[in-house]
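Okay, here's what each chain looks like letter by letter:
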Amino acid sequence: MEECLKQKTDDALVYYNLAGIYHELGYVEKSISHLEKCVEIEPHDLNAVLLLAKRYRNQNQIPWALDLLKRLESYHSNRSEYWLNRGNLCFAQDDLQQAITAYQYVTSTAASCC
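Just so you know, these numbers come straight off a predicted model, no measurement behind them.

**Q** Any chance you could explain the pattern of salt bridges here in plain terms?
**A** Where charged atoms from two side chains of opposite charge come close, those side chains can pair. One pass over the structure, following the stated rule, counts 4 salt bridges. As a salt-bridge pair, R86 and E73 come within 2.7 Å of each other at their nearest N and O atoms. With R86 in helix α7 (residues 80-92) and E73 in helix α6 (residues 73-76), this residue pair connects regions lying 13 residues apart in the sequence. Assessed through its relative accessible area of 27%, E73 is described here as partly exposed. A salt bridge links R79 to E81, with the nearest nitrogen and oxygen atoms 2.9 Å apart. A relative accessible area of 36% places R79 in the partly exposed class. A relative accessible area of 33% places E81 in the partly exposed class.

**Q** Just checking my understanding: could you explain the environment of Q97 for this structure?
**A** Its location among the elements puts Q97 in helix α8 (residues 96-112). Overall, the relative accessible area of 53% leaves Q97 in the exposed class. Residues Q97 and G87, 10 residues apart in the sequence, show an inter-C-alpha distance of 9.5 Å.

**Q** Looking at this structure, I do not really get the packing of aromatic side chains. What am I missing?
**A** The description of an aromatic ring pair rests on the distance of the ring centres and on the angle between the ring planes. The tally for this structure, following the rule as stated, stands at 4 aromatic pairs. Centre to centre, the rings of W83 and Y105 are 4.1 Å apart; their planes meet at 15°, and the pair counts as stacked. Residue W83 is located in helix α7, and its partner Y105 is located in helix α8; the two are separated by 22 residues in the primary sequence. For W83, a relative accessible area of 4% gives the class buried. An aromatic cluster is built from Y82, W83 and Y105, whose rings are joined through pairwise contacts.

**Q** Looking at this structure, I do not really get the nonpolar core. What am I missing?
**A** The nonpolar side chains of a soluble globular protein tend to be buried, and buried together. Counting 28 residues, the largest nonpolar core has V39, V49, L52, Y56, L68, L69 and L89 as the members making the most contacts within it. A total of 8 residues in this core trace back to one element, the largest contributor, which is helix α4 (residues 46-58). Contacts of L89, omitting those with residues within four sequence positions, involve R57, I62, A65, L66 and L69.

**Q** Help me out: how do you make sense of the environment of G20 in this one?
**A** Along the chain, G20 falls in helix α2 (residues 12-24). For the pair G20 and S31, spaced 11 residues apart in sequence, the C-alpha to C-alpha distance is 6.6 Å.

Cut-offs applied
- Residues numbered from 1 in each chain as written.
- Predicted model: local features only at pLDDT ≥ 70, side-chain atom pairs only at ≥ 80, totals over all residues.
- Heavy atoms only, no water.
- Salt bridge = Lys/Arg side-chain N within 4 Å of Asp/Glu carboxyl O.
- Helix = DSSP H or I, 4+ residues; strand = E, 2+ residues; numbered from the N terminus.
- Buried < 20%, exposed > 50% of the residue type's maximum accessible area, 1.4 Å probe, protein only.
- Phe/Tyr/Trp six-rings, centres within 6.5 Å; stacked < 30°, edge-to-face > 60°.
- Core = buried A, V, L, I, M, F, W, Y, C linked by side-chain atoms within 4.5 Å.
- Contact = heavy atoms within 4.5 Å.

Written as C-alpha coordinates, this is what we have:
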(Lines give C-alpha, C1' and ligand atoms only; values in the text may rest on other atoms or scores of the structure.)
Protein backbone atom coordinates (compact mmCIF):
# COMPACT_ATOMS: atom_id res chain seq x y z
CA MET A 1 0.00 0.00 0.00
CA GLU A 2 2.83 2.42 0.75
CA GLU A 3 3.86 1.93 -2.89
CA CYS A 4 0.40 3.15 -3.93
CA LEU A 5 1.09 6.44 -2.16
CA LYS A 6 4.04 7.04 -4.45
CA GLN A 7 1.71 6.80 -7.44
CA LYS A 8 -1.49 8.27 -5.95
CA THR A 9 -0.54 10.85 -3.37
CA ASP A 10 -4.00 12.43 -3.53
CA ASP A 11 -6.05 9.24 -3.20
CA ALA A 12 -7.96 9.42 0.09
CA LEU A 13 -8.94 5.75 -0.11
CA VAL A 14 -5.29 4.68 -0.06
CA TYR A 15 -4.69 6.74 3.09
CA TYR A 16 -7.89 5.39 4.67
CA ASN A 17 -6.91 1.77 3.98
CA LEU A 18 -3.37 2.31 5.23
CA ALA A 19 -4.76 3.85 8.40
CA GLY A 20 -6.79 0.69 8.99
CA ILE A 21 -3.79 -1.55 8.41
CA TYR A 22 -1.56 0.49 10.71
CA HIS A 23 -4.24 0.48 13.39
CA GLU A 24 -4.56 -3.31 13.21
CA LEU A 25 -0.79 -3.60 13.52
CA GLY A 26 -0.79 -1.34 16.58
CA TYR A 27 0.80 1.71 14.95
CA VAL A 28 -1.69 4.21 16.33
CA GLU A 29 0.22 7.38 15.45
CA LYS A 30 0.75 6.26 11.85
CA SER A 31 -2.92 5.33 11.63
CA ILE A 32 -3.97 8.76 12.86
CA SER A 33 -1.53 10.49 10.51
CA HIS A 34 -2.97 8.65 7.52
CA LEU A 35 -6.55 9.38 8.58
CA GLU A 36 -5.68 13.06 8.92
CA LYS A 37 -4.37 13.06 5.36
CA CYS A 38 -7.48 11.22 4.16
CA VAL A 39 -9.77 13.80 5.77
CA GLU A 40 -7.64 16.62 4.38
CA ILE A 41 -8.19 15.24 0.87
CA GLU A 42 -11.85 14.22 1.35
CA PRO A 43 -13.40 16.31 4.15
CA HIS A 44 -16.89 15.23 3.07
CA ASP A 45 -16.16 11.54 3.81
CA LEU A 46 -18.14 11.15 7.03
CA ASN A 47 -16.79 7.64 7.73
CA ALA A 48 -13.21 8.91 7.68
CA VAL A 49 -14.09 11.96 9.78
CA LEU A 50 -15.86 9.89 12.43
CA LEU A 51 -13.10 7.29 12.50
CA LEU A 52 -10.48 10.00 13.00
CA ALA A 53 -12.57 11.55 15.78
CA LYS A 54 -12.81 8.10 17.39
CA ARG A 55 -9.03 7.63 17.17
CA TYR A 56 -8.50 11.03 18.79
CA ARG A 57 -10.96 10.14 21.54
CA ASN A 58 -9.21 6.81 22.16
CA GLN A 59 -6.00 8.80 22.68
CA ASN A 60 -7.77 11.10 25.18
CA GLN A 61 -7.59 13.92 22.66
CA ILE A 62 -11.27 14.82 22.96
CA PRO A 63 -10.64 18.54 22.27
CA TRP A 64 -8.97 17.57 18.97
CA ALA A 65 -11.91 15.34 18.08
CA LEU A 66 -14.38 18.13 18.82
CA ASP A 67 -12.32 20.64 16.87
CA LEU A 68 -12.27 18.28 13.90
CA LEU A 69 -16.04 17.89 13.96
CA LYS A 70 -16.64 21.62 14.39
CA ARG A 71 -14.34 22.47 11.47
CA LEU A 72 -16.20 20.04 9.20
CA GLU A 73 -19.72 20.87 10.35
CA SER A 74 -20.62 22.50 7.04
CA TYR A 75 -20.06 19.17 5.27
CA HIS A 76 -21.99 17.01 7.72
CA SER A 77 -24.55 19.11 9.58
CA ASN A 78 -27.43 17.22 7.96
CA ARG A 79 -26.23 13.80 9.17
CA SER A 80 -27.49 12.39 12.44
CA GLU A 81 -24.31 10.30 12.89
CA TYR A 82 -22.30 13.51 12.93
CA TRP A 83 -24.44 15.05 15.67
CA LEU A 84 -24.54 11.84 17.72
CA ASN A 85 -20.75 11.67 17.76
CA ARG A 86 -20.44 15.37 18.52
CA GLY A 87 -22.91 14.99 21.39
CA ASN A 88 -20.96 12.03 22.77
CA LEU A 89 -17.74 14.04 22.70
CA CYS A 90 -19.36 17.01 24.43
CA PHE A 91 -20.77 14.64 27.04
CA ALA A 92 -17.31 13.14 27.58
CA GLN A 93 -16.03 16.66 28.31
CA ASP A 94 -18.92 17.29 30.74
CA ASP A 95 -20.30 19.96 28.44
CA LEU A 96 -23.87 18.86 29.00
CA GLN A 97 -25.52 21.85 27.35
CA GLN A 98 -23.64 21.31 24.10
CA ALA A 99 -24.29 17.56 24.32
CA ILE A 100 -28.04 18.17 24.67
CA THR A 101 -27.98 20.58 21.73
CA ALA A 102 -26.17 18.02 19.58
CA TYR A 103 -28.57 15.24 20.61
CA GLN A 104 -31.49 17.50 19.69
CA TYR A 105 -30.02 17.80 16.20
CA VAL A 106 -29.93 13.99 16.05
CA THR A 107 -33.64 13.78 16.64
CA SER A 108 -34.43 16.62 14.24
CA THR A 109 -32.31 15.19 11.40
CA ALA A 110 -33.71 11.70 11.98
CA ALA A 111 -37.28 13.03 11.96
CA SER A 112 -36.75 15.00 8.74
CA CYS A 113 -35.52 11.97 6.81
CA CYS A 114 -38.68 9.89 7.31
